[in-house]
Amino acid sequence: MSYGSAIVDAFRLVGVYAGQIVKGAKPVDLPVQRPTKLEFVINLKAAKALGLTVPPTLLALADEVIE
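Residues numbered from 1 in each chain as written. Predicted model: local features only at pLDDT ≥ 70, side-chain atom pairs only at ≥ 80, totals over all residues. Heavy atoms only, no water.

Draft legend 1. Spatial organisation of the overall build of the protein chain. Helices and strands together make up the secondary structure of the protein chain, namely three helices and three strands. The order of helices and strands in the protein chain, counted from the N terminus, is β-α-β-α-α-β. A principal-axis box enclosing the C-alpha atoms of the protein chain has dimensions of 55 × 20 × 15 Å. Restricting to contacts in the protein chain with at least 6 residues of sequence separation, those with at least 24 account for 48%. (Helix = DSSP H or I, 4+ residues; strand = E, 2+ residues; numbered from the N terminus. Contact = heavy atoms within 4.5 Å.)

Draft legend 2. Representation of the pairing of strand 2 (residues 38-43). Relative to strand 2, strand 1 (residues 2-5) runs antiparallel, the two being bridged by four bridges. Each residue of the ladder has a partner; that of Tyr3, found in strand 2, is Phe40. The pairing of strand 2 with strand 3 (residues 64-66) spans three bridges and is classified as parallel. Residue pairing in the sheet places Val41 in a bridge with Glu64 of strand 3. (Pairing = 2+ DSSP bridges.)

Draft legend 3. Expanded view of the environment of Thr57. Summarising the element assignment, Thr57 is placed in helix 3 (residues 56-61). Between the C-alpha atom of Thr57 and that of Ala46, which follows or precedes it by 11 residues, the distance is 18 Å.

Draft legend 4. Region of the structure containing the sheet that holds strand 3. Taken in spatial order, the three strands of this open sheet run 1-2-3, and their pairing is mixed. Of all strands in the sheet, those bounded by a partner on one side alone are strand 1 and strand 3. Averaged over all neighbouring strand pairs, the angle between strand axes comes to 25°, with direction disregarded. (Axes fitted to C-alpha atoms, helices over the stretch in contact; angles between N-to-C directions.)

Draft legend 5. Region of interest: the pattern of salt bridges. Taken as a whole, this structure holds one salt bridge when the rule is applied. Notably, a salt bridge pairs Arg12 with Asp9, separated by 3.2 Å at the nearest N-O pair. One end of the pair, Arg12, and the other, Asp9, are both in helix 1 (residues 7-22), three residues apart, so they sit about a helical turn from each other. The class of Arg12 is partly exposed, set by a relative accessible area of 44%. For Asp9, a relative accessible area of 11% gives the class buried. (Salt bridge = Lys/Arg side-chain N within 4 Å of Asp/Glu carboxyl O. Buried < 20%, exposed > 50% of the residue type's maximum accessible area, 1.4 Å probe, protein only.)

Draft legend 6. Focus on a nonpolar patch on the surface. A cluster of nonpolar residues, Ile7, Val8 and Phe11, forms a patch on the protein surface that exposes about 350 Å² of accessible area. Take Val8: it is sitting in helix 1. (Patch = residues over 30% accessible without salt bridge, like charges linked within 9 Å, V, L, I, M, F, W, Y side chains within 5 Å. Areas by Shrake-Rupley, 256 points an atom, 1.4 Å probe, with all protein chains shown as cover.)

What follows is the structure in structure tokens.
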């Protein structure tokens, strides 16, 4: 299981920062930004390999389930 920032959102933030730097902003002056979207991912293949069962209620909460 993983709970963290969405990788697509992180790449978008990198693009925004790069664009601001190309336009002449100093990196030290740019604000620190936190991710706005978090993802909950469950890897069932890894869970089965470890002999773990994941409750259906937890599967229902996941943003992505890797079979």
